There are 2 protein chains.
Amino acid sequence: MEQNSLNSIDRKILECLQEDAGLPVADIAERVGLSKTPCWRRIRHLEESGVLRRRVALLDRDKLNLGVTVFVGVKTSKHDVKWLEEFAKVVVNFPEVMEFYRMSGDVDYMLRVVVPDIAAYDAFYQRLIQRIDLTDVSSSFAMEEIKYTTALPLAYAG
Amino acid sequence: MEQNSLNSIDRKILECLQEDAGLPVADIAERVGLSKTPCWRRIRHLEESGVLRRRVALLDRDKLNLGVTVFVGVKTSKHDVKWLEEFAKVVVNFPEVMEFYRMSGDVDYMLRVVVPDIAAYDAFYQRLIQRIDLTDVSSSFAMEEIKYTTALPLAYAG
DNA sequence: GAATTCAAGGAATTTTGTTCCATTTTTTCA
DNA sequence: TGAAAAAATGGAACAAAATTCCTTGAATTC
């Protein structure tokens, strides 16, 4: 029994839901060539197994006056666990920080920060370095968002 | 009449939906202190005005074997419009590219790429440079995703 | 302060989600 | 190979949610 691996129907279902999580089950069922009951059960199974994590609303950045995206690179010499945990905790709690990664290579951490304007970014920056001691921080501003998607590339998914 | 600006109820509604787009209107209504009809109308209005763009399903990267995130910086000397459009078109069409920005400063473009493993990233990279002539490309690998959210910081929103 | 516009809420209706059960298909294993 | 078991399917019944309708209350205008 294939407990985990997705077959082509499950993949199609996920593709649909990545595009539009509000699609009625009946519509999805039709697209994937099933009737609604088995389709519904597959969706529930995908939820239970955790493949389908959640459904969220995506808002318009510009309409909400949040047009500025900044990528922040952080280099640090302090590599002790305690400092790291503190650092992570502080950063995670800023709602302006939408993504936060520990990196290999040039920078140690990378943040994607969203704010209304440069002034707000500066304010954010001040609040950040006030809470944690950061020496080497570099900020790169995005001039244009050419693509932003939450849809994972399922072509690979096995 | 305040055609655009959100009042505190609209913001609460958006906060709810950014967290869980599947929440029944009745539940949201209760949380924001309205009955379902006016709450439903506000949601529809937010949709119609485009503030609420869409509802999507978020999947589990690891469970789908897509654990590798790479940030790709591209520098280019070719700044003519034609090349740029071609470049953008090619990049956008790669499903592995989840984010794509034109940047100020050090690099001209930045991509966030999601793939199963390093080998798949290399394959992606080969396909990319095969399609467009890129000279200066740098790849940084994320070791750990500490935070990833699609929820915009609405504290600012006016 | 009356008229008008706008937002709200309860109830009815429609749509969609969910369960139930019988049937078909697939898999297992003798 | 073929019967038994397991798993998946689909239609119908049921439950829950979304959507509409209509009336009432509040705010704004002139």
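These numbers come from a predicted model, not from an experiment.

1. Here we look at the sheet that holds strand 3 (residues 97-103) of chain A
The strand order 2(A)-4(A)-3(A)-5(B)-2(B)-4(B)-3(B)-5(A) describes a closed barrel built from eight strands, whose pairing is antiparallel. Strand-to-strand twist in this sheet, taken as the mean axis angle between neighbours without regard to direction, amounts to 35 degrees. In this structure, strand 3 of chain A lies alongside strand 4 (residues 109-115) of chain A, joined through five bridges in antiparallel fashion. Looking at strand 4 of chain A, one finds that F100(A) is bridged to L111(A). Relative to the sheet, helix 4 (residues 81-92) of chain A contacts strand 2 (68-75), strand 3 and strand 4 of chain A together with strand 5 (136-148) of chain B, its axis offset from that of strand 3 of chain A by approximately 155 degrees.

2. Observations regarding the protein's contact with DNA strand C
Taken together, P24(A), V25(A), K36(A), T37(A), W40(A), L34(B), S35(B), T37(B), P38(B), R41(B) and R42(B) are the residues near DNA strand C. At the protein interface, 53% of the atoms of DNA strand C within 4 Å belong to sugar or phosphate. Taking T37(A), its side chain carries an N or O atom lying 3.1 Å from a base oxygen of DNA strand C. The element contributing the most residues to the surface near DNA strand C is helix 3 (residues 36-48) of chain B, with four residues. Here the residues of the surface near DNA strand C sort into five nonpolar, three polar and three charged.

3. So, the relation of the copies chain B and chain A
You can overlay chain B on chain A at an RMSD of 0.1 Å; the transform is a turn of 180 degrees with a shift of 0.0 Å along its axis. This pairing of chains is accounted for by a two-fold axis. Measuring from the rotation axis to each C-alpha of chain B, the shortest distance belongs to V56(B), at 2.8 Å. A symmetric contact is evident, with 100% of the interface residues of chain B recurring at the interface of chain A.

4. Notes on the pattern of salt bridges
According to the stated counting rule, one finds 22 salt bridges over all chains in the structure shown. Across the salt bridge formed by R127(A) and E96(A), the nearest N and O atoms sit 2.9 Å from each other. Of this pair, R127(A) sits in helix 5 (residues 118-131) while E96(A) sits in the loop between helix 4 and strand 3, and the two are 31 residues apart along the sequence. Relative accessible area serves as the criterion here: at 35%, R127(A) is assigned to the partly exposed category. In this structure, the salt-bridge partner of D106(B) is K75(B), at a minimum N-O distance of 3.9 Å. With a gap of 31 residues between them, D106(B) in the loop between strand 3 (97-103) and strand 4 (109-115) and K75(B) in strand 2 (residues 68-75) connect regions that are remote in the sequence. Using a relative accessible area of 31% as the deciding quantity, one classes K75(B) as partly exposed. Among the ionic contacts, a cluster of salt bridges with common partners joins E99(A), R112(A), E99(B) and R112(B).

Thresholds applied
- Here the residue index of a chain counts from 1 through its sequence in written order.
- Each chain is given a letter, starting from A, and each ligand a number, starting from 1, according to the order in which they appear as written.
- Only residues with pLDDT of at least 70 are given local features in this predicted model, and only at 80 or more are side-chain atom pairs given and counted; all residues enter the totals for whole chains, interfaces and linings.
- The side-chain quantities take in all heavy atoms of the structure and omit both hydrogens and water.
- Here, strands pair whenever DSSP counts at least two bridges between them.
- Note on conventions: DSSP H or I runs of at least 4 residues are helices, E runs of at least 2 residues are strands, and numbering of each starts at the N terminus.
- Think of each axis as a best-fit line through the C-alpha atoms, taken over the contacting stretch in the case of a helix, with angles from 0 to 180 degrees between the N-to-C directions.
- Two residues form a contact once any of their heavy atoms are found within 4.5 Å.
- Residues are counted as near a molecule or strand when any one of their heavy atoms sits within 4 Å of it.
- Here a polar contact is taken to be a pair of N or O atoms separated by no more than 3.5 Å, where protein atoms must pair a possible hydrogen donor with a possible acceptor and residues adjacent in sequence count only if both atoms sit in side chains.
- Only Asp, Glu, Lys and Arg are considered charged, only Ala, Val, Leu, Ile, Met, Phe, Trp, Tyr, Cys and Pro nonpolar, and every remaining residue, Gly among them, polar.
- The copies are overlaid by a least-squares fit using only the C-alpha atoms of residues whose pLDDT is at least 70 in both copies.
- Here a salt bridge means any side-chain nitrogen of Lys or Arg lying within 4 Å of a carboxyl oxygen belonging to Asp or Glu.
- The buried label goes to any residue with under 20% of its type's maximum accessible area, the exposed label to any with over 50%, and the partly exposed label to all in between, with areas taken from a 1.4 Å probe on protein chains only.

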